[in-house]
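Tertiary structure, described
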Amino acid sequence: MITVTIDGKKPPLTYPKLKTVLQLLHNLNLRVNDALIIRDGELLTPDRHLWPGDEITVRRVVSRG
Amino acid sequence: MKCKRCGELAAVKLPSHHAGFCPTCFEVFFKRQVETAIRRHAMIKPGEKVLVAVSGGKDSLALMRVLSDLGHDVDGLHVHLGIPDSSDPVCERTESYCRENGFRLHVLRTAEVGLAIPEVKDSVHRPICAVCGKIKRHYFNRFAYENGYTALATGHNLDDEVARLFANTLRWDAKYLGTQGPTLPGEGRFVRKIKPLYRVTEFETAAYCFLKAINHWKAACPYSGGASFTGHKKLFADLEDRSPGQKTAFYEAFLAQGRPQFAGASRGEGQDTLYACTQCGFPSSGEVCGVCRVRELVAKRKGEVL
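Everything in this summary refers to the structure shown in the same document.

**Here's the deal with the interface of chain A and chain B**
With 20 residues of chain A at the interface, the matching set in chain B holds 24 residues. Between chain A and chain B, a total of about 2000 Å² is buried, with carbon and sulfur atoms accounting for 61% of that surface. Applying the counting criterion to the chain A and chain B interface returns one salt bridge. Close ionic contact of D238 of chain B with R31 of chain A constitutes a salt bridge, the shortest N to O distance being 2.6 Å. Our count for the contact surface shared by chain A and chain B stands at four residue pairs in polar contact (both at pLDDT 80 or more). Those elements that provide at least two residues to the side of chain A that touches chain B are β3 (35–39) and β4 (42–43) of chain A. Per-element accounting of the side of chain A that touches chain B gives the leading share, three residues, to β3 of chain A. A class-by-class count of the residues in the side of chain A that touches chain B yields nine nonpolar, five polar and six charged.

Structure representation (structure tokens):
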């Protein structure tokens, strides 16, 4: 299971099957440069693999005023 | 994905540059983009002290950091808007960041000059974002002028500039199209306005903040719902997703080929002349400037006499 927290909102989303960051972005209807994807304090590019047990933070970047 | 410069594992993918960068090389890339912007548009003179408009968000804090890292002498000005549950924590976070990083920060409280934004919101019949923007621009410029700064830097990035250009183009607003750009020269009581981040996107600024551990304010302004520029940004994000590089191409081509066509465009007969506001002395298109008029409306609503 992969846990995904978006902009600090709780509860986090969980995904049983996600292979890559790009799949996650597609699932969240986000474009490649719409959000920072963070795992263990590291930024991930869309081609990076995700693994069961990963805790991912999604931080959208569009300023809203 | 490998870093385009050093071949290490990339942390940031930038389709518009056909590149990926590791954290170290991304910082080099980011600083070079800002250096190029400053050099090409004669933004900062050697030894000049720059006032940075600091909201506490990612763009303004990244701007303080990168200008300082590039060797420029920067101070910050934060305008506290007096919005409950928002302005105090934003101001505290900004002060904390500047204190920890050795930046001098000035704080101007709009409530102390009769312009607390919640009261302004209740006193005007226009979108509050437009009025708030006018008040902030007035005080950023005024503070810079009255305190001897000749350059005022704002954190507008490529997405902001493209959204604004798109809005001006939708209206074919010749006057604004003739003056929009990364540097607005100083004149009279207007100090020079510069946008050193105009070559980097919001994504790049956010990545820079993350990699530099800049703890910026992330929540939206409670009054900002429905701002039109956000919609324009979404349109351009779709375009950029299909054709990476379109935002830069649109904006740079405008600077090179579009803007000169509108240079010197008039706002309309009798509307280009600026006068000194009879209340604050700063440039105004009428006898009293827009900010002083708003202050009068707030005072009137509260039953005060100015």
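Back to the write-up after that little detour.
**Section: the pattern of salt bridges**
Residues and elements named next belong to chain B. Overall, the coordinates contain 23 salt bridges over all chains when judged by the stated rule. Note that K212 and E27 form a salt bridge whose closest N and O atoms lie 3.0 Å from each other. Residue K212 is located in the loop between α8 (202–211) and α9 (228–242), and its partner E27 is located in helix α1 (residues 23–40); the two are separated by 185 residues in the primary sequence. D59 serves as the salt-bridge partner of K58, at 3.7 Å between the closest nitrogen and oxygen. The network of salt bridges with shared partners includes K58, D59, D160, E202 and K233.

**A short note on the nonpolar core**
L36 of chain A together with F26, V52 and L67 of chain B are the most contacted members of the largest nonpolar core, which has 55 residues in total. It is α1 of chain B that contributes the most residues to this core, seven residues altogether. Residue contacts for V52 of chain B: discarding those within four places in its chain leaves S60, L63, M64, L67, V74, D75, G76, L77 and A153 of chain B. The next biggest cluster of nonpolar side chains, apart from the first, holds 31 residues, and it includes L77, V120, Y149 and C280 of chain B.

**So, the packing of aromatic side chains**
Residue and element names in this part refer to chain B. What the rule picks out here adds up to 10 aromatic pairs over all chains. Seen in terms of ring centroids, F166 and F236 are 5.2 Å apart; in terms of plane orientation they differ by 75°. Their pairing is edge-to-face. One end of the pair, F166, is in helix α6 (residues 158–170); the other, F236, is in helix α9, and 70 residues separate them in sequence. Seen from the ring of Y223, K121 lies directly overhead, with NZ or CZ sitting 5.1 Å from the centre. It is R189 that lies over the ring of F282; its NZ or CZ is 4.9 Å from the centre.

**Brief notes about α1 of chain B**
Residue and element names in this part refer to chain B. With 18 residues, α1 should cover 26 Å at 1.5 Å per step; its first-to-last C-alpha distance of 26 Å lies within 8% of that length. For α1, the full list of buried residues reads C25, F26, F29, F30, Q33, V34, T36, A37 and I38. Of the surrounding elements, those touching the buried residues of α1 are β1 (12–14), β2 (19–21), α2 (58–69) and α8. Residue A42 follows α1 closely and has a positive phi angle near 45°.

**Some remarks on the packing of helix α5 (residues 128–146) of chain B against helix α11 (residues 290–301) of chain B**
All names here are of chain B. Direction vectors running N to C along α5 and α11 enclose 120°, while the axes themselves pass 9 Å from each other. Viewed along their axes, α5 and α11 adopt a mutual orientation that is oblique. Crossing handedness for the pair α5 and α11: left-handed. Counting all contacts with α5, which are made through V131, K134, I135, H138, Y139 and R142, the residues of α11 involved are G290, V291, V294 and R295.

**So, the side chain of K195 of chain B**
Mapped onto the elements of the fold, K195 of chain B is located in the loop between β8 (192–194) and α8. The contacts of K195 of chain B, once residues within four sequence positions are left out, are M43, T154, H156, E161, R164, G181 and P182 of chain B.

Reading the values: the criteria
- Residues numbered from 1 in each chain as written.
- Chains lettered and ligands numbered in written order.
- Predicted model: local features only at pLDDT ≥ 70, side-chain atom pairs only at ≥ 80, totals over all residues.
- Heavy atoms only, no water.
- Contact = heavy atoms within 4.5 Å.
- Buried area = accessible area lost by both parts, 1.4 Å probe.
- Salt bridge = Lys/Arg side-chain N within 4 Å of Asp/Glu carboxyl O.
- Polar contact = N/O pair within 3.5 Å; in protein donor to acceptor, adjacent residues only side chain to side chain.
- Helix = DSSP H or I, 4+ residues; strand = E, 2+ residues; numbered from the N terminus.
- Nonpolar A, V, L, I, M, F, W, Y, C, P; charged D, E, K, R; others polar.
- Core = buried A, V, L, I, M, F, W, Y, C linked by side-chain atoms within 4.5 Å.
- Buried < 20%, exposed > 50% of the residue type's maximum accessible area, 1.4 Å probe, protein only.
- Phe/Tyr/Trp six-rings, centres within 6.5 Å; stacked < 30°, edge-to-face > 60°.
- Lys NZ or Arg CZ within 6 Å of the ring centre and 35° of its normal.
- Expected span 1.5 Å × (residues − 1).
- Axes fitted to C-alpha atoms, helices over the stretch in contact; angles between N-to-C directions.
- Parallel < 35°, antiparallel > 145°, perpendicular 65-115°, else oblique.
- Left-handed = near helix turned anticlockwise from the far one by under 90°.

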